[in-house]
Amino acid sequence: MDWDALWTACALVLVIEGLFPFLSPGGWKRTFARLLELEEGQLRFFGLCSMMLGLALFWFVSS
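A short tour of the structure in this document, coming up. (Residues numbered from 1 in each chain as written. Predicted model: local features only at pLDDT ≥ 70, side-chain atom pairs only at ≥ 80, totals over all residues. Heavy atoms only, no water.)

Over the atoms, a rolled probe matching the size of one water molecule traces out where space is still vacant. Size it by volume and the largest pocket reaches roughly 460 Å³. Lining the largest pocket are Ala-9, Cys-10, Leu-12, Val-13, Ile-16, Ser-50, Leu-53, Gly-54, Leu-57 and Phe-58. Sorting the residues of the lining of the largest pocket by element identifies helix 1 (3–23) and helix 3 (40–62) as the ones contributing at least two each. Partitioning the lining of the largest pocket into residue classes produces 8 nonpolar, 2 polar and no charged. (1 Å grid on protein atoms, 1.4 Å probe; cavity = no way out; pocket = protein on both sides within 12 Å on 5 of 7 lines; lining within 4 Å. Points joined across faces, edges and corners; volume = space filled by probe spheres on them. Helix = DSSP H or I, 4+ residues; strand = E, 2+ residues; numbered from the N terminus. Nonpolar A, V, L, I, M, F, W, Y, C, P; charged D, E, K, R; others polar.)

Contact geometry for helix 1 and helix 2 (residues 25–36): axes closest at 5 Å, N-to-C directions at 110 degrees. Looking at the two axes, helix 1 sits roughly perpendicular to helix 2. Of the residues in helix 2, those touching helix 1 at Phe-20, Pro-21, Phe-22 and Leu-23 are Pro-25, Gly-27, Trp-28 and Thr-31. Here the contact of helix 1 with helix 2 is composed, by residue class, of 6 nonpolar, 2 polar and no charged. (Axes fitted to C-alpha atoms, helices over the stretch in contact; angles between N-to-C directions. Parallel < 35°, antiparallel > 145°, perpendicular 65-115°, else oblique. Contact = heavy atoms within 4.5 Å.)

Structural data, given as structure tokens:
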């Protein structure tokens, strides 16, 4: 594995995650307020879905 690719991917994650609070801080705050109301099981499910989507996208791009 190329370490430069790993650091590039981490940097890209930070850029993408920073877009929403930069473009719409009010929407970002409302979204997180709603996330705080979810049960732990629901949050785990969304986390699992996010990981699965990321793995599928990684597999698709790398093959």
